Amino acid sequence: MPTVSAHVALTLAQHIDAVFGVMGNGNAYFLDAIEKQTGAAFTAVRHEQGAVVAADAHFRASGRIAAATSTYGAGFTNTLTALAESVQARIPLVLVVGDEPTSGPRPWDVDQIALASGVGARTYTVGRADAAATTVIAIEHALTYRVPVVLAIPYDVAALKAGEVPAAPAPRVPAPLAPKGEFAEGMLDRLAAALRSAKRPFLLAGRGAWLAGAGEALGALADATGALTASSALGRGVFPDQRFDLGVTGGFGAEGAMELIREADVAVVFGASLNQFTMRFGALFAPGTQVFQIDVTPAATHAHVGGFVRADARLAAEALVSRLQDAEGSGWRESVDVPAARVYEAGDETAPDGRLDPRSAARRIAELLPEDRVVVSDGGHFIGWANMYWPVASPDRMMMIGTAFQAIGQGWPSVVGATRARPEATVVLTSGDGGGLMAIADLESAVRAAGGRGMAVIWNDAAYGAEVNLYGLKGLAREPMLIPQVDFSAFAAAVGAEGVAVRTLDDLDCLAAWTAEDPATRPFLVLDLRISGEVIAPYQEEIIRVNS
Ligand SMILES: Cc1ncc(C[n+]2csc(CCOP(=O)(O)OP(=O)(O)O)c2C)c(N)n1
């Protein structure tokens, strides 16, 4: 007869086909049922943080919800940093955990509900009679509010016989939010009128626009108004016509592109939260720009927004297109040289200290990377290089896991989730040496899960570079900011991957050869780029300026 854990596993597997985790006392029966009784694929990771990171990356790369699992206690507390990231980045996933017995905590139990709540995640606890229904409610909550949820199985309940698994209804998810009421309609009229008479209209879209499937409607709106377009870092590639797209806004943006945005007289923002980085700490728009925002959030998210419509990005964009069908178009986008505005500094072959210049290395790597790629990024100073120099085809092909919570060390397990979500693509990790070492346990998982469909670029400056730039340059003690020159190619070899220490641009020819090989037979590739820490990315210069 099925156990309570089997009820959870069998119900979960009706809606989720990928589970990531580490097994232990608290989830042994759950994993046994997943393996023996469901079609869901379980991928082992080596640290519980990696389970949540992989489930998170799976959703970001595919839009399909995944599950993570850990035992109670230490296994659960190991998930908390990643859980906080998923909460703050608004990524739905289900974390199935063991928990203290219903009879009360044992000496080694901690208050898991309070801990999850502390990072913003809600817990649903299954009982012996309601496991299937509670599992559906947990999935529904995650999808409705775009958040991770914890599904807890008390230790004394996990193996109880629970009878046949009852049919549970499918999770309901709310329909896209249409602009509703006379205020929203009136604001859309005003917005359409502003776009109609704008001389230099500009459209900005973020990940919310991508999640809403707004790309086509936004393309039509740009065509109707002659608007230049751009995206936030999480929305890159959302506009279908890249000829008139200025790329990413904020510190990763090209200087010429950012100057053009300051010339806009009307700007409309779709599904972008306008955080301090996107907004260049308040300097993205000029004071005279009329800024409108369309988002599903209850209110505008930046003080520079003068008109707000609460709506799904696609529905609002379609409503604007229908209001602007006979618009003449401003002609602005045809009058400017977009490719020239998007140029970044080329960099030198090597920096003055003789190590690689990350800018020229990034440019060369961009030429050699497989085209059908999904890039996953850890956090650190190095994030500028991929974000500036590597083109991105769509927002689900470039994700920064850890940056919402400003956590480093989530790189390797991101490869695991993305590779399970996108089996056709090559997954490329971009990571620093500090973050790469922090999560090194899951290098093994990344290599095992991705094989020749995965590779990593380690921007190895033998330092916690972001800290050197922010505090070392202020004169604080440098020793805690430094890392010995670690050989990531040796780490790679230890788990069956191929590692190359890259000291010159010519050394990157190995990437050309690897890209040309058959993904089914080539090894996972780790490029250990010995870069200089002396070249500071413009976005970091901006942060240094703001901080000082
Ligand atoms: C979990 C965690 N610990 C510490 C930090 C503080 N921190 C932010 S960036 C950074 C340095 C990252 O170094 P590395 O991965 O080598 O990348 P780099 O900055 O050198 O490009 C550190 C330690 C953090 N953000 N998250």
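Read on for a plain summary of the structure. This structure is a prediction, so every number in the text was calculated from the model and none was measured. (Residues numbered from 1 in each chain as written. Predicted model: local features only at pLDDT ≥ 70, side-chain atom pairs only at ≥ 80, totals over all residues. Heavy atoms only, no water.)

Turning to the site of the ligand, a few remarks are in order. What surrounds the ligand is a group of 17 residues, the closest being Gln406, Gly434, Gly435, Gly465 and Glu467. Separating a nitrogen atom of the ligand from a backbone N or O atom of Gln406 is a distance of 2.7 Å. Separating an oxygen atom of the ligand from a side-chain N or O atom of Asp461 is a distance of 3.1 Å. When the ligand sits alone it has 580 Å² of accessible area, and the protein chains cover 77% of it. Elements with a minimum of two residues in the shell around the ligand: helix 18 (433–438) and helix 20 (465–470). Per-element tally for the shell around the ligand: the top contributor is helix 18, with four residues. (Near = heavy atom within 4 Å. Polar contact = N/O pair within 3.5 Å; in protein donor to acceptor, adjacent residues only side chain to side chain. Areas by Shrake-Rupley, 256 points an atom, 1.4 Å probe, with all protein chains shown as cover. Helix = DSSP H or I, 4+ residues; strand = E, 2+ residues; numbered from the N terminus.)

Once that is clear, we can look at the packing of aromatic side chains. The description of an aromatic ring pair uses the distance of the two centres, along with the angle that the planes make with each other. In total, this model carries seven aromatic pairs according to the counting rule given. Between the aromatic rings of Tyr72 and Tyr155, the centroid separation amounts to 5.7 Å while the plane-to-plane angle is 85 degrees, which identifies the pairing as edge-to-face. Of the two residues, Tyr72 is situated in the loop between strand 3 (67–70) and helix 4 (74–77) and Tyr155 in the loop between strand 6 (148–154) and helix 8 (181–197); the sequence distance between them amounts to 83 residues. Residue Tyr155 is classed as partly exposed on the basis of its relative accessible area of 40%. (Phe/Tyr/Trp six-rings, centres within 6.5 Å; stacked < 30°, edge-to-face > 60°. Buried < 20%, exposed > 50% of the residue type's maximum accessible area, 1.4 Å probe, protein only.)

What follows concerns the sheet that holds strand 3. A sheet is described by the order of its strands in space; here six strands give the open sequence 2-1-3-4-6-5, paired in parallel fashion. The two strands at the open ends of the sheet, each matched to only one other strand, are strand 2 (41–44) and strand 5 (122–125). Pairs of neighbouring strands in the sheet enclose a mean axial angle of 25 degrees, with direction left out of account. Two strands pair when backbone bridges link them, and strand 1 (residues 18–21) and strand 3 are joined in this way by three bridges, in the parallel orientation. Across the sheet, Phe20 pairs through a bridge with Ala68, a residue of strand 3. Packed on one face of the sheet, helix 2 (residues 28–37) meets strand 1, strand 2, strand 3, strand 4 (93–99) and strand 6 and runs near 130 degrees to strand 2. (Pairing = 2+ DSSP bridges. Axes fitted to C-alpha atoms, helices over the stretch in contact; angles between N-to-C directions. Contact = heavy atoms within 4.5 Å.)

Another aspect to go through is the sheet that holds strand 10 (residues 266–270). Strand order across the open sheet formed by six strands is 9-8-7-10-11-12, with parallel pairing between neighbours. One side of each edge strand has no neighbouring strand; the edge strands of this open sheet are strand 9 (245–248) and strand 12 (307–310). Between one strand axis and the next, the sheet turns through 15 degrees on average, direction left out of account. With two bridges connecting them, strand 8 (residues 228–231) and strand 9 associate as parallel partners. If you follow Ser231 over to strand 9, its bridge partner there is Val248. Against the sheet, helix 8 contacts strand 7 (201–205), strand 10, strand 11 (290–295) and strand 12, and its axis sits at roughly 130 degrees relative to strand 12. On top of the sheet, helix 10 (residues 215–225) reaches strand 7, strand 8 and strand 10; it is set at about 170 degrees to strand 7, its chief contact.

The element strand 7 is extensively covered by neighbouring structure, given that five of its five residues are classed as buried. Residues Pro201, Leu203 and Ala205 point to one face of strand 7 and Phe202 and Leu204 to the other, with burial holding for every one of them. Looking at chain direction, strand 7 and strand 10 are connected through five bridges and run parallel. The residue of strand 10 that forms the bridge with Ala205 is Phe270.

This next bit is on helix 7 (residues 131–145). Count 3.6 residues to each turn of an α-helix, and residues three or four apart come out pointing the same way. Helix length check: helix 7 (15 residues) gives 21 Å between terminal C-alpha atoms against 21 Å at 1.5 Å per residue, within 8%. All buried positions along helix 7 are accounted for by Ala131, Ala132, Thr134, Thr135, Val136, Ala138, Ile139, Glu140, His141 and Ala142. Remark: Arg146 follows helix 7 within two positions and exhibits a positive phi of approximately 50 degrees. (Expected span 1.5 Å × (residues − 1).)

Turning our attention to the pattern of salt bridges. Counted according to the given criterion, the structure contains 25 salt bridges. We note a salt bridge from Arg323 to Asp189, for which the minimum N-O separation is 2.7 Å. Of this pair, Arg323 sits in helix 12 (residues 313–323) while Asp189 sits in helix 8, and the two are 134 residues apart along the sequence. Judged by relative accessible area, which is 42%, Asp189 ranks as partly exposed. Here Arg364 makes a salt bridge to Asp509, at a shortest N to O gap of 3.8 Å. With Arg364 in helix 15 (residues 358–368) and Asp509 in helix 22 (residues 509–516), this residue pair connects regions lying 145 residues apart in the sequence. (Salt bridge = Lys/Arg side-chain N within 4 Å of Asp/Glu carboxyl O.)

A word on the packing of helix 10 against helix 12. Each pair of packed helices gets described by two things: the angle between the helix axes and the distance between those axes. Where helix 10 meets helix 12, the axes come as close as 8 Å, and the angle between the chain directions of the two elements is 30 degrees. When the interaxial angle is binned, helix 10 and helix 12 end up roughly parallel. Every pair of crossing elements has a handedness; the one defined by helix 10 and helix 12 is left-handed. In contact with Ala217, Leu218, Ala220 and Leu221 of helix 10, helix 12 contributes Arg314, Ala317, Glu318, Leu320 and Val321. Class assignment of the residues belonging to the contact of helix 10 with helix 12 gives a composition of seven nonpolar, no polar and two charged. (Parallel < 35°, antiparallel > 145°, perpendicular 65-115°, else oblique. Left-handed = near helix turned anticlockwise from the far one by under 90°. Nonpolar A, V, L, I, M, F, W, Y, C, P; charged D, E, K, R; others polar.)

A few words now on unusual backbone geometry. Located in the positive-phi region is Leu274, a residue other than glycine, with phi close to 55 degrees. Inspection of the secondary structure assignment puts Leu274 in the loop between strand 10 and strand 11. The phi angle at Arg280 is positive, at roughly 50 degrees, despite the residue not being glycine. Here Arg280 shows up in the loop between strand 10 and strand 11.

Honestly, it's all geometry; don't read function into it.
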